[in-house]
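Spelled out, the chains give:
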Amino acid sequence: MKTKAAIAWKAGQPLTIEEVELEGPKAGEVLVEIKATGICHTDYYTLSGADPEGIFPSILGHEGAGVVVDVGPGVTSLRKDDHVIPLYTPECRQCKFCLSQKTNLCQAIRSTQGRGLMPDATSRFSIDGQPIYHYMGTSTFSNYIVVPEIALAKVRNDAPFDKICYIGCGVTTGIGAVIFTAKVEAGANVVVFGLGGIGLNVIQAARMVGADKIIGVDLNPEREAMARKFGMTHFINPTQVENVVDAIVQLTDGGADYSFECIGNVNTMRQALECCHKGWGKSIIIGVAAAGQEIATRPFQLVTGREWKGSAFGGARGRTDVPKIVDWYMENKINIDDLITHHLPLDRINEGFDLMKSGESIRSVVVY
Ligand code: NAD
Ligand code: AHE
Ligand code: ZN
């Protein structure tokens, strides 16, 4: 079949809207009509050329929601008309990683996914016979996609696509990092570096679990009002203080119980670790740093009890946890609507990237 998609032909160049040939689902695969997709900073990161796994030409996008159109042979858990959220972190429930119960990083299809291919090592997308690569196993900047059954969360069918698409990455990443990865407890002091599409979700989850001080750090002063609305109690603009770490240590009587880095900058990653309380403070890295970047600190920071940890997709097991997060949204337990600042049609998708870069948007959502 044919589908309309935004193609990333080359690093650093705007996407172009094209008609693409899409092969139907093979065994264990599902054809999905994407109804809406968010634009996450990670899409920009890969498009910029900084991602060592970035492949071109490809169809980016990993924050979508849609409807099952057709299923391939052997698919048992989904059928036509089911509402779904594609998962860049699948959940096969059979691999060593899933069975360990210690991680959400299912590895069943990770190696082909990282090469822009389906599990049989081929692409379903092409233009004039030239293969176009998949991205993060999802490619939600295409109106129709084919994905493995294990990479789809079935969700309730009364939830609006243009809001729940954000649960496909940003909402789950931020909220999950607090609940599943850090397991923040009531009364804890929390610091969030970067108050964008991810950091604001960390803030709302910190408030949900009853954190005491919730300190936000961002260079963009425009982020303060929205962050306060979501539960931030103190704001630090790094340009307005002499030393960010000292300012946090003072505010928290010795350091944060938990910090979250939601920028992707190795300098703020170091600050996020070093602002943690001696003896127990935990710092969670969410931000994705460019190829070649490395983190550094004095090992003494760890010897004296601070912990450094990372979180992918908020530690969420997609098929199990994503439907629950959709329920939380529908029950008004979490706020998604206010974070979606812009809606755009697919042919204006490049404006969504511009709005992100200029700091004007929190999340832009493309509606097909
Ligand atoms: P975003 O662009 O919406 O937000 C980034 C925020 O950081 C902005 O508010 C910006 O003003 C602020 N910022 C930038 N440089 C700063 C600095 N030096 N000091 C203080 N603030 C600064 O991005 P996002 O969509 O929220 O994504 C944030 C990061 O998380 C990205 O690196 C993205 O790739 C990553 N990410 C990781 C996962 C995961 O599973 N680990 C999932 C989604 C996104
Ligand atoms: N190819 C990138 C990986 C970037 C990365 O860490 N991705 C996160 C999700 S970001 C979503 O916005 C992730 O889930 N990582 C685990 C994995 O297996 O990729 C790079 O930098 O190499
Ligand atoms: Zn993302």
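Residues numbered from 1 in each chain as written. Chains lettered and ligands numbered in written order. Predicted model: local features only at pLDDT ≥ 70, side-chain atom pairs only at ≥ 80, totals over all residues.

- Under the annotation held in an unreviewed UniProt entry, the chain carries the name S-(hydroxymethyl)glutathione dehydrogenase and is attributed to Massilia aurea.
- Turning to the chain, the UniProt record has this under Cofactor (unreviewed entry): "Zn(2+)".
- What UniProt records for the chain under Sequence similarities (unreviewed entry) is the sentence "Belongs to the zinc-containing alcohol dehydrogenase family. Class-III subfamily." (UniProt positions renumbered as here; feature names shortened; annotations may be inferred.)

Describing the overall build of the chain
Then comes step 1: When its secondary structure is counted, the chain shows 12 helices and 17 strands.
Then comes step 2: A globule of 368 residues ought to have a C-alpha radius of gyration of about 21 Å, and the chain, at 20 Å, matches this closely.
Then comes step 3: Its C-alpha atoms give the chain principal-axis dimensions of roughly 60 × 40 × 40 Å.
Then comes step 4: Within the chain, the proportion of its 368 residues that are buried is 51%.
Then comes step 5: Considering only residue pairs separated by 6 or more positions, the chain has 72% of its internal contacts joining residues 24 or more positions apart. (Helix = DSSP H or I, 4+ residues; strand = E, 2+ residues; numbered from the N terminus. Rg over C-alpha atoms; globule rule 2.2 N^0.38 Å. Buried ≥ 20, exposed ≤ 12 C-beta atoms within 10 Å, placed from the backbone. Contact = placed C-beta atoms within 7 Å.)

Section: unusual backbone geometry
Then comes step 1: Look at the link from F56 to P57: it is a cis peptide, with omega at -5°.
Then comes step 2: Considering the arrangement of structural elements, one finds P57 in the loop between α1 (41-48) and β4 (64-71).
Then comes step 3: Positive phi is not limited to glycine here, since R93 has a value of about 65°.
Then comes step 4: Inspection of the secondary structure assignment puts R93 in the loop between β5 (83-86) and α2 (96-100).
Then comes step 5: Judged by the 13 C-beta atoms lying within 10 Å of it, R93 is partly exposed.
Then comes step 6: The phi torsion at D128 lies on the positive side, around 50°, for a residue other than glycine.
Then comes step 7: Looking at D128, the number of C-beta atoms within 10 Å reads 5, which means it is exposed.

Some thoughts on the domain arrangement of the chain
Then comes step 1: The domains assigned to the chain are domain 1 (2-168 + 336-367) and domain 2 (174-311).
Then comes step 2: Each of domain 1 and domain 2 has a C-alpha centre, and the two are 29 Å apart.
Then comes step 3: On the side of domain 2, 11 residues touch domain 1, which itself brings 12 residues to the contact.
Then comes step 4: It is α1 that contributes the most residues to the side of domain 1 that touches domain 2, 3 residues altogether.
Then comes step 5: Here the residues of the side of domain 1 that touches domain 2 sort into 6 nonpolar, 3 polar and 3 charged. (Domains from an automatic or database assignment. Nonpolar A, V, L, I, M, F, W, Y, C, P; charged D, E, K, R; others polar.)

With respect to the site of ligand 2
Then comes step 1: In the region of ligand 2, the neighbouring residues are C40, T42, D51, P52, E53, T89, L105, R110, C169, V288, A312 and F313.
Then comes step 2: For the shell around ligand 2, the per-class residue count stands at 7 nonpolar, 2 polar and 3 charged. (Near = placed C-beta within 6 Å.)

Concerning the sheet that holds strand β12 (residues 234-236)
Then comes step 1: Taken in spatial order, the 6 strands line up as β12-β11-β10-β13-β14-β15 in an open sheet, and their pairing is parallel. The open sheet has two edge strands, β12 and β15 (307-310), and neither has a second partner. Pairwise comparison of adjacent strand axes, ignoring direction, gives a mean angle of 20° for this sheet.
Then comes step 2: On top of the sheet, helix α5 (residues 170-182) reaches β13 (258-261), β14 (282-285) and β15; it is set at about 130° to β14, its chief contact. (Pairing = 2+ DSSP bridges. Axes fitted to C-alpha atoms, helices over the stretch in contact; angles between N-to-C directions.)

A word on α1
Then comes step 1: Inspection of α1 places H41, T42, D43, T46 and L47 among the buried residues, and these make up the whole buried set.
Then comes step 2: Those residues of α1 that are buried lie in contact with α12 (349-358).
Then comes step 3: Directly beyond the C-terminal end of α1, a positive phi value near 100° is found at G49.

Description of the nonpolar core
Then comes step 1: Among the nonpolar cores identified, the biggest contains 106 residues, and I164, V190, V191, V192 and V202 are the most heavily contacted of them.
Then comes step 2: When residues of this core are assigned to domains, at least three fall in each of domain 1 (2-168 + 336-367) and domain 2 (174-311).
Then comes step 3: V190 has contacts with V184, A206, A211, I214, A256, D257 and Y258, leaving out every residue within four places of it along the chain. (Core = buried A, V, L, I, M, F, W, Y, C linked by C-beta atoms within 7 Å.)

Thoughts on the pairing of strand β2 (residues 16-22)
Then comes step 1: Pairing analysis gives 6 bridges linking strand β1 (residues 2-7) to β2, with the strands arranged antiparallel. By the bridge assignment for β2, K4 is matched with E19.
Then comes step 2: Pairing analysis gives 2 bridges linking β2 to strand β6 (residues 125-127), with the strands arranged antiparallel. By the bridge assignment for β6, L22 is matched with F125.

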